[in-house]
Amino acid sequence: SSIAGAVLISRPEFLFGASADRSDSSWVGCVLALASGFLLSGVFICARKSTSIPMTALSSCTALVGSAMFFVLPLLGVSDESFEDLLASPGQVLSFIGVLFLAIVSGIGLDTAGSVMCPAAVSASVRTASAMGFGYAAEVLLFHTPLQPLTIVGAALMLVAVVTMATTRV
C-alpha cells in the first residue's frame, strides 16, 4: 500500500498525464527529495548504531552538518530569492527566524532521540508519515490549499503501511 500511496500522491505524468500546477523545476525537486531521503536513511542508521554517544552530541553534529547545507543550497541554482522583501520588515523576519530556530532545534533533538530508541526502519517510516501528515495539515490550514482526492487516498495508504509496519516491529 505504501507504493500505491506514493504513486497516488506524486501522480507521475506517464500515468496521469501532465499536470497544470507543476513547474518546470519539479524534476529538480524530485531529485533533491530523493537525495534527501537517501541521506536521511544514513542519519537513522548512524543514530541507531550510536547508542553509546550522548544524544546532545548526536543532535549537535546533525545540526552542524545540516547548517552547512544552507550555504550549499544557493549554489544549486534552484531558486532566485531576493532579500528585498526581508529587509522591508526586519522585526517580522527576526521573529520568524526565532520560531524556525526553535522548531528546527526541537525537531533535530526529537528526531535523534527517536532514531536512537527505535529500529531505523520504524523511526524513518514514522518520521516520514508524520512529516507527510503535518505537511498536508499546514498546507490546508496555513495556505488554504485544498487536497486532491487522490492525494488523500494516497496519504491514507501510506499511513496504513507505516502503522502496520510500526505495530509489527515495535
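This structure is a prediction, so every number in the text was calculated from the model and none was measured.

Take the overall build of the chain next. Of regular secondary structure, the chain possesses 8 helices and 0 strands. Along the chain, helices and strands appear, N-terminal first, in the series α-α-α-α-α-α-α-α. Once local pairs closer than 6 in sequence are excluded, the contacts in the chain between residues at least 24 apart make up 81%. Of the roughly 12,200 Å² of accessible surface on the chain, 73% is carried by carbon and sulfur atoms.

Turning our eyes to something else, we now look at the packing of helix H3 (residues 26–49) against helix H6 (residues 90–117). When two helices pack together, you describe them by how their axes are tilted relative to each other and by the distance separating the axes. Where H3 meets H6, the axes come as close as 7 Å, and the angle between the chain directions of the two elements is 60°. Crossing handedness for the pair H3 and H6: right-handed. From H3, Phe44, Ala47 and Arg48 reach across to H6, where they touch Asp111, Thr112, Ser115, Val116 and Met117. Looking at the contact of H3 with H6, its residues break down into 4 nonpolar, 2 polar and 2 charged.

Judged by side-chain polarity, Phe70, Leu94, Phe96, Ile97, Leu100 and Ile104 come together as a nonpolar surface patch covering roughly 630 Å² of accessible area. Among the elements that make up the nonpolar patch, the one with the highest residue count is H6 (5 residues). On the secondary structure map, Leu100 appears in helix H6. In this structure Leu100 comes out as partly exposed when scored by relative accessible area, which is 38%.

This part covers the confidence of the model for the chain. Mean pLDDT over the chain stands at 78; residues scoring 70 or higher make up 85%. Here helix H2 (residues 13–16) stands out as the least confident element of the chain, with mean pLDDT 68; H6 is the most confident, with 85.

Axis separation between H3 and helix H7 (residues 120–143) bottoms out at 9 Å; the angle between their running directions is 135°. Looking at the two axes, H3 sits oblique to H7. As for the relative orientation of H3 and H7, their crossing is right-handed in sense. Along the contact surface, H3 presents Leu40, Phe44, Ile45 and Arg48, while H7 presents Ala120, Ser123, Ala124 and Arg127. Looking at the contact of H3 with H7 residue by residue, the class counts come to 5 nonpolar, 1 polar and 2 charged.

What follows deals with unusual backbone geometry. Not every positive phi belongs to a glycine, and His144 is a case in point at roughly 55°. Topologically, His144 is positioned in the loop between H7 and helix H8 (149–169).

The next subject is the pattern of salt bridges. The full count for this structure, using the stated rule, is 1 salt bridge. A salt bridge links Asp111 to Arg127; the nearest nitrogen and oxygen atoms lie 3.2 Å apart. Within this pair, whereas Asp111 is found in helix H6, its partner Arg127 is found in helix H7, the two being separated by 16 residues in sequence. Among the residues examined, Arg127 registers a relative accessible area of 32% and is labelled partly exposed.

Once that is clear, we can look at H7. Between the first and last C-alpha of H7 there are 33 Å, a value that for 24 residues agrees with the 34 Å anticipated at 1.5 Å per step. Regarding H7, the residues found buried are Val122, Ser123, Ser125, Ala129, Met132 and Tyr136. Just downstream of H7 lies His144, where phi reads positive at about 55°.

Scoring rules and cut-offs
- Residues numbered from 1 in each chain as written.
- Predicted model: local features only at pLDDT ≥ 70, side-chain atom pairs only at ≥ 80, totals over all residues.
- Heavy atoms only, no water.
- Helix = DSSP H or I, 4+ residues; strand = E, 2+ residues; numbered from the N terminus.
- Contact = heavy atoms within 4.5 Å.
- Areas by Shrake-Rupley, 256 points an atom, 1.4 Å probe, with all protein chains shown as cover.
- Axes fitted to C-alpha atoms, helices over the stretch in contact; angles between N-to-C directions.
- Left-handed = near helix turned anticlockwise from the far one by under 90°.
- Nonpolar A, V, L, I, M, F, W, Y, C, P; charged D, E, K, R; others polar.
- Patch = residues over 30% accessible without salt bridge, like charges linked within 9 Å, V, L, I, M, F, W, Y side chains within 5 Å.
- Salt bridge = Lys/Arg side-chain N within 4 Å of Asp/Glu carboxyl O.
- Buried < 20%, exposed > 50% of the residue type's maximum accessible area, 1.4 Å probe, protein only.
- pLDDT = per-residue confidence, 0-100.
- Parallel < 35°, antiparallel > 145°, perpendicular 65-115°, else oblique.
- Expected span 1.5 Å × (residues − 1).

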